[in-house]
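Below, each chain spelled out in residue letters.
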Amino acid sequence: MYIGRLFRSSDLQWAWRAAFLRCIQSRRRGAHRWTHSGGSAYRAVIFDMGGVLIPSPGSVAAEWEVQNHVPSGTILKALSKGGENGPWMRFMRGEITTGDFLQEFGRLSSEISKTTVPVDSFFSLLTSKQVAQQFPVMTEAISQIRAKGFQTAVLTNNFYLASGKSFLPLDRSQFDVVVESCLEGVCKPDPRIYQLCLERLGRQPSESIFLDDLGPNLKAAASLGIRTIKVNDPETAVKELESLLGFLLHSGVPNTRPVRKTMEIPKDALQKYLRDLLGTQTTGPLELLQFDHGQSNPTYYIRLANHQLVLRKKPPGTLLPSAHAIEREFRVMKALASAGVPVPRVLDLCEDSSVIGTPFYVMEYCPGRIYKDPSLPGLEPSQRRAVYAAMNRVLCQIHSVDFQAAGLDGYGKQGDYLPRQVQTWTKQYRAAETSTIPAMERLIQWLPLHLPRQQRTAVVHGDFRLDNLLFHPEKAEVLAVLDWELSTLGDPLADVAYSCLAHYLPSSFPLLKGVSDRDLTQLGIPTAEECFRMYCLHMDIPPVENWNFYMAFSFFRMAAILQGVYKRSLKGQASSASAEQSGKLAEFISNLAWDFATKEGFRIFKEMPAAKPLTRSCHTRAGPQSLLSPTGTRSYSSVSGAPPAHTSKGALVFSVEGLSPQVRELYDRLQRFMGQHVYPLEPELQRHQASVDKWTPSPLIEDLKIFNCSAPDTGNMEVLVRYGTEEQKARWLAPLLEGKARSCFAMTEPQVASSDAANIEASIREEEGFYVINGHKWWTSGVMDPRCQLCIFMGKTDPQAPRHQQQSMLLVPMDTPGIKILRPLSVYGLEDAPGGHGEIRFENVRVPKENMILGPGRGFEIAQGRLGPGRIHHCMRLIGFSERALALMKARVKSRVAFGKPLVEQGTILADIARSRVEIEQARLLVLKAAHFMDVAGNKAAALDIAMVKMVAPSMASRVIDRAIQAFGAAGLSSDYPLAQFFAWARALRFADGPDEVHRVTVAKMELKRPT
């Protein structure tokens, strides 16, 4: 069942490669050259330890971070911090003790992650016997190398343990030479340590091969003339080593090992059974090995005389109801083979537990190749795409089987597959539950309320993934589909979703690697959406809307399986040595499932008919536990009397810790970018703004321009996205999105109170296929920028129309004749160059009629649609200003002394810091709530929330920044620090996009409409 990986590669594949190598050797005969056995000029193989012989610190860290909720990449960043003089390199040179290293390492990790990191736990795991085990494929390769008379060495960057011994969890007898950095005081990539290893081997660089997983170490070795192999995957590296040495490094069955003690079966009884089954007088001993993987049903390789077989059995002990159904596997494979589906040839099902202790079945051993890494290392992009296409085709082949003709009409109940599956996996999870997982509790309530209607019934595999397919060794052809334990009759789309699990898992995920952090386009791997479209095309069905539900269900089921594996591992029943890790991973997977459930809730909200607007209550309360609210968080009351499907709008994330792994990675990247590139440039940018070149964009900003989220461009892009024609989008939206152009928005006028949009006096007159515009505008942000190419202009097309249907909006190219920029306007003396805020006059400016947005009289409607997102963007920026101001304030008061003691110890300062933190958090929560409601219910339904945040955030920011200025003293008023500019912006934003008074009126009116 889960993670069942049989027949990874075959004797046939090894034999083919051996023949290929012999062919190469035969071509070299006759060359007068001293070669060693196997026809190779090499005499020694040098191995790195971490990442080559045992798991690397990076791979161990990635798994540990997932399990301990530490931001991804924290450990590796801390290890690399400081380069040659960092604590990790000094530790590996033996220059500092274990205790000193852990203290410094812990400090760095905590600084990087902004949270306490238990590095002792990581170090214990890294050096534990459980983790520091030599890869079997490397152990066998070393044995074969030495058997051929070659020398072997290990060259490792290692360290001293607290016991005083060096960390080398290897059998030293495997190597002729062992070179340890902590003993020598020299680390790779220092060339001296390679030369030391060669001297002790008595070999020249050209006679040696070096395997390492790190590029700098390989580069240093290659510079000395040593042949190198980059190790991304031990098995792939061994194959490359074989091609260099000229002989095979594998003598047994791939991916097998001696049978684990808890999984032993009586060989004598099995041998008697097999002789009766095969009907021949077989002679010789029975060879029995266990496949490395397989989490549910133990799986064995059997060789008896000239027969190669595979045995699948139920695990021992008390089992969960209906689990480990090997009888069903046997039945479905036998039936599907006759229907032309590629499956292994099954021979017999034995339900007599007295033979080997549990029921089992036997099938023929299939030669072929299994890809357990979904990124398909070693293949070309075209080959990867072909593999995924073959996977998709065979799934379509399974779902196209006439199950009645195949004798499978009673294989499962027809209809209601998903309700039964949700119920089944809920029961399985409850039976295996060891502790409460909040996301699983929410999913158990949410899934039954959002079940899609099943469109068709087909044979479903139930565990269809790339690593359950056996491929031809030389081409993208599926030879056999394995692991049918969960198969039944059901909704085929569940199989499609389950086949895409790896697309949403990181490559570092334990047990099942993913590709979510890989560049699929570069690899040539189709995205999950492309796989789904490919399936629909092959099956000739339309795409479904509720794809997110199927993904949520698939990850829910995976979490339940992991929990079951973990429960069995506690009893010694799970068949894989890595099963014990699965308990901590169940929570991680359930959170992924919840992410998809939340997306499905958003989709439902967005597709609600406009004729039935959401009924909105304007209060926030802590209510009963919502189906979609995590335990211990507030439930925001936003919908009155809506059915459950309409209230499922997802959990509101209100802290960094609550972000999904993908978003947390983006957050961390942004923090690093700001710290490394933006903040250090502030003084230079301030000098540029005060220079004669201030109206020319700074090249520093151009070099760093990655966000493209400045006002008014964001609002103008929203207008084009929501209201623009395809022609308007092609001309203006694309360059704005790409950051190749800038824009401005002309609405406010000096002669009238422009807070009331109905007061606008600028005119738009139709004339001979054009619109002619005249008007006087000011506070037109962005117009001074030399890159500004577009102005969105608001004026009156019909003064006699109803009050809110008089205005229209036009797209006006800035190079149109008649546009005159009169002057830049300053805010408290700051001109905000190079974008600035300009005063403009439009005199008989002629614009083509196709530049009208949405239609005449729709300007007020567009303005309201534009202002919602614009207002909340401003509020988000204000919170950013406030956080930055508070950070500067804290740093300042810690470094200054007044009246005999540090400012940070002054009571008034402490009170100001406390007030600022509280006010920022209050505003942040209100902004998050508004943004959340905009996402799930739309801008119109979120109007109250938007008005509240626009009313609160500018005043909050003004107070926080003012306190920071006060703490800085006179320096806070200068341009040496950004505080004065922050303050000017915060004060100006009490007018921008509507003054405070307008928003207060809006909130009050909506409050008065509420029933008392």
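Predicted, not measured: the structure shown is a model, and the values here were computed from it.

About the thresholds
Residues numbered from 1 in each chain as written. Predicted model: local features only at pLDDT ≥ 70, side-chain atom pairs only at ≥ 80, totals over all residues. Heavy atoms only, no water. pLDDT = per-residue confidence, 0-100. Contact = heavy atoms within 4.5 Å. Salt bridge = Lys/Arg side-chain N within 4 Å of Asp/Glu carboxyl O. Helix = DSSP H or I, 4+ residues; strand = E, 2+ residues; numbered from the N terminus. Buried < 20%, exposed > 50% of the residue type's maximum accessible area, 1.4 Å probe, protein only. Polar contact = N/O pair within 3.5 Å; in protein donor to acceptor, adjacent residues only side chain to side chain. Pairing = 2+ DSSP bridges. Axes fitted to C-alpha atoms, helices over the stretch in contact; angles between N-to-C directions. Parallel < 35°, antiparallel > 145°, perpendicular 65-115°, else oblique. Left-handed = near helix turned anticlockwise from the far one by under 90°. Nonpolar A, V, L, I, M, F, W, Y, C, P; charged D, E, K, R; others polar. Phe/Tyr/Trp six-rings, centres within 6.5 Å; stacked < 30°, edge-to-face > 60°. Lys NZ or Arg CZ within 6 Å of the ring centre and 35° of its normal.

Some words on the confidence of the model for the protein chain
Detailed reading of predicted coordinates is not advised where the pLDDT is low.
Thinking step 1. Summarising the model, the protein chain shows a mean pLDDT of 84, and 88% of its residues fall at 70 or more.
Thinking step 2. Within the model, the stretch residues 1-39 combines pLDDT values under 50 with 115 contacts to residues more than four positions away or in other chains.
Thinking step 3. Contacts for the low-pLDDT stretch residues 610-649, under 50 throughout, to residues beyond four places or in other chains number 83 contacts.

Considerations on the pattern of salt bridges
Thinking step 1. The tally for this structure, following the rule as stated, stands at 52 salt bridges.
Thinking step 2. Between Glu883 and Arg924 there is a salt bridge, with the nearest N and O atoms lying 2.2 Å from each other. Here Glu883, found in helix α28 (residues 859-895), pairs with Arg924, found in helix α29 (residues 907-937); they are 41 residues apart in sequence, far enough to count as distant.
Thinking step 3. A salt bridge links Asp996 to Arg1000; the shortest N-O distance between them is 3.9 Å. Of this pair, Asp996 and Arg1000 both sit in helix α32 (residues 996-1009), 4 residues apart, which is roughly one turn of the helix.
Thinking step 4. Looking at Asp996, the relative accessible area reads 1%, which means it is buried.
Thinking step 5. Its relative accessible area of 37% is what places Arg1000 among the partly exposed residues.
Thinking step 6. Among the charged side chains, a salt-bridge network with shared partners connects Asp713, Arg742, Asp785 and Arg787.

Details of the side chain of Lys314
Thinking step 1. Tracing the sequence through the fold places Lys314 in the loop between β9 (307-313) and α13 (326-338).
Thinking step 2. Within the structure, Lys314 has its side chain in polar contact with the side chain of Glu327 (distance 3.3 Å).

Details of the sheet that holds strand β3 (residues 177-180)
Thinking step 1. Overall, parallel pairing links the 5 strands, which are arranged β3-β2-β1-β4-β5 in an open sheet. Strand pairing shows two members of the sheet lacking a second neighbour, β3 and β5 (227-230), which therefore form its edges. Each adjacent strand pair in this sheet contributes to an overall mean axis angle of 20 degrees, direction not counted.
Thinking step 2. As judged from the 4 bridges shared by strand β1 (residues 44-47) and strand β2 (residues 151-156), these two strands associate in the parallel manner. Within the sheet, the bridge partner assigned to Phe47 lies in β2 and is Val154.

Quick word on the sheet that holds strand β10 (residues 346-350)
Thinking step 1. Pairing within the open sheet is antiparallel, and its 6 strands lie in the order β6-β7-β8-β9-β11-β10. Each edge of the open sheet is held by one strand with a lone partner, namely β6 (256-257) and β10.
Thinking step 2. Where strand β8 (residues 299-304) lies against β9, 6 bridges are found, and the strand directions are antiparallel. Each residue of the ladder has a partner; that of Tyr300, found in β9, is Leu311.
Thinking step 3. Against the sheet, helix α12 (residues 267-278) touches β7 (286-291), β8, β9, β10 and β11 (360-364), its axis set at about 105 degrees to β7.
Thinking step 4. Across the sheet, α13 lies against β9, β10 and β11, angled at about 150 degrees from β10, the strand it touches most.

A word on the environment of Gly859
Thinking step 1. Relative to the helices and strands, Gly859 resides in helix α28.
Thinking step 2. Judged by relative accessible area, Gly859 falls into the buried class, the value being 0%.
Thinking step 3. Ignoring anything within four residues of it in the chain, the contact list for Gly859 reads Met794, Gln807, Ser808 and Met809.

Let's talk about the side chain of Ser375
Thinking step 1. Inspection of the secondary structure assignment puts Ser375 in the loop between β11 and α14 (381-399).
Thinking step 2. When its relative accessible area of 4% is taken as the criterion, Ser375 is described as buried.

Let's talk about the packing of helix α30 (residues 943-968) against helix α31 (residues 979-988)
Helix-helix packing is described using two parameters, namely the angle between the two axes and the distance between the axes.
Thinking step 1. At a closest axis distance of 9 Å, the pairing of α30 and α31 adopts a crossing angle of 155 degrees. Looking at the two axes, α30 sits roughly antiparallel to α31. Crossing hand, α30 versus α31: left-handed. Contacts between α30 and α31 involve Pro954, Ala957, Ser958, Ile961, Asp962, Ala964, Ile965 and Phe968 on the former and, on the latter, Leu979, Phe982, Phe983, Ala986 and Arg987.
Thinking step 2. Taken together, the residues of the contact of α30 with α31 break down into 10 nonpolar, 1 polar and 2 charged.

Considerations on the pairing of β9
Thinking step 1. Burial analysis of β9 places 5 of its 7 residues in the buried class, the great majority of the element.
Thinking step 2. With antiparallel pairing between neighbouring strands as the criterion, β8 and β9 make up a hairpin whose turn holds 2 residues, including Ala305 at a positive phi of roughly 55 degrees.
Thinking step 3. Of the pairings in the sheet, the one linking β9 to β11 comprises 5 bridges and is antiparallel in character. Among the inter-strand pairings, Val310 is bridged to a residue of β11, identified as Met363.

A short note on the packing of aromatic side chains
The geometry of an aromatic ring pair comes down to the distance between the two centres and the angle between the two planes.
Thinking step 1. Here the structure, examined in full by the defined rule, presents 30 aromatic pairs.
Thinking step 2. A ring pair is formed by Trp778 and Trp779, whose centres lie 6.1 Å apart and whose planes are at 55 degrees; its orientation type is tilted.
Thinking step 3. Trp778 sits in the partly exposed class, given a relative accessible area of 25%.
Thinking step 4. Judged by its relative accessible area of 34%, Trp779 falls in the partly exposed class.
Thinking step 5. Taking the ring centre of Phe247 as reference, the NZ or CZ of Lys148 above it sits at 5.4 Å.
Thinking step 6. Above the plane of the ring of Phe596 lies Lys599, whose end atom (NZ or CZ) is 4.7 Å from the centre.

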